[in-house]
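A look at the structure
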Amino acid sequence: MPSAKILEQKKQAVAELSEKLKGACVGVVVDYKGITVADDTKLRKELREAGNEYKVVKNTLLSRALKDAGIDGMDSVLEGTTAIAMHTEDYVSAAKILSKYAEDSKTFELKAGFVDGKVVDAEAIKNLAKLPSKEVLIAQTLGGLNAPITGFVTVLNGTMKGLVVALNAIAEKQGATA
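Residues numbered from 1 in each chain as written. Predicted model: local features only at pLDDT ≥ 70, side-chain atom pairs only at ≥ 80, totals over all residues. Heavy atoms only, no water.

An unreviewed UniProt entry lists the protein chain under the name Large ribosomal subunit protein uL10, with Candidatus Gallacutalibacter pullicola given as the organism. The record in UniProt for the protein chain states the following under Sequence similarities (unreviewed entry): "Belongs to the universal ribosomal protein uL10 family." (UniProt positions renumbered as here; feature names shortened; annotations may be inferred.)

Here is a general trend for soluble globular proteins: nonpolar side chains tend to be buried in one another's company. Of all hydrophobic cores here, the largest spans 23 residues; its most connected members are Val28, Val30, Leu43, Tyr54, Leu98, Phe108 and Leu110. If you list the elements that add at least two residues to this core, you get strand E1 (26-31), helix H2 (37-49), strand E3 (83-87), helix H4 (93-104) and helix H5 (122-129). The greatest single-element share of this core, amounting to six residues, is contributed by H4. Ignoring any residue separated from it by four or fewer positions in sequence, one finds valine 28 in contact with Ala83, Ile84, Ala85, Ala94, Ala95, Leu98, Leu110, Ala112, Gly113 and Ile125. Core analysis: the next-biggest nonpolar cluster, separate from the first, contains 18 residues, Leu17, Ala65, Met74 and Leu78 among them. (Core = buried A, V, L, I, M, F, W, Y, C linked by side-chain atoms within 4.5 Å. Buried < 20%, exposed > 50% of the residue type's maximum accessible area, 1.4 Å probe, protein only. Helix = DSSP H or I, 4+ residues; strand = E, 2+ residues; numbered from the N terminus. Contact = heavy atoms within 4.5 Å.)

As a further point, take H5. Within the sequence span of H5, burial applies to Ala122, Ile125, Leu128 and Ala129. Along the axis of H5, the buried residues cluster in a sector spanning 115 degrees; they form a single face. Those residues of H5 that are buried lie in contact with E1, H4, strand E4 (109-115) and strand E5 (118-121). (Arc of directions from axis to C-beta.)

The next thing to look at is helix H3 (residues 59-68). Regarding H3, the residues found buried are Asn59, Leu61, Leu62, Ser63, Ala65 and Leu66. On its buried face, H3 is in contact with helix H1 (4-23), E3 and E4. Glycine 70 lies just past H3 and shows a positive phi near 80 degrees.

Glancing now at the side chain of threonine 82. When you line up the elements, threonine 82 lands in the loop between H3 and E3. For threonine 82, the side chain forms a polar contact with the side chain of asparagine 59, separated by 2.4 Å. Among the polar contacts listed, one links the side chain of threonine 82 to the side chain of lysine 111, at a separation of 2.7 Å. Not counting residues within four places of it along the chain, the set of residues in contact with threonine 82 comprises Val29, Val30, Tyr32, Val56, Val57, Asn59, Leu62 and Lys111. (Polar contact = N/O pair within 3.5 Å; in protein donor to acceptor, adjacent residues only side chain to side chain.)

Structure below.
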């Protein structure tokens, strides 16, 4: 039986992790075995620069923190070496970085994840990684919304130009007869 001090530290660690999970819009759980220290440092730096928090955690602590955060259904993947990357705003950066690394590595693999509190499998994380960034999606959406307006203005401009040409022709005809 662990001492009261160690038990209290573990409870505090679970509570902190649970709060981070509640605040995160996305989380990606990976099996990090076989990663070298140099690669791990590079991976952590890349994740940190993108605004993600990456943490190696014990499976039992992560399981309890996930339950406290209301994210159920991930216990089946919490075996072996486990790390989690989380972000509070960007849905795709962690998935992109970790998916790219998993493709290049033979041992590093995606286990599962969550999006807005709903558990998703590794395949869904790979699909999430294929999405463009938030800024690109917003630009595409605005471009799609802008296209009909541009077409409408072009049609109106053509109609106005035609009206001006017709009025000009009538004015010239009346000026020639007078």
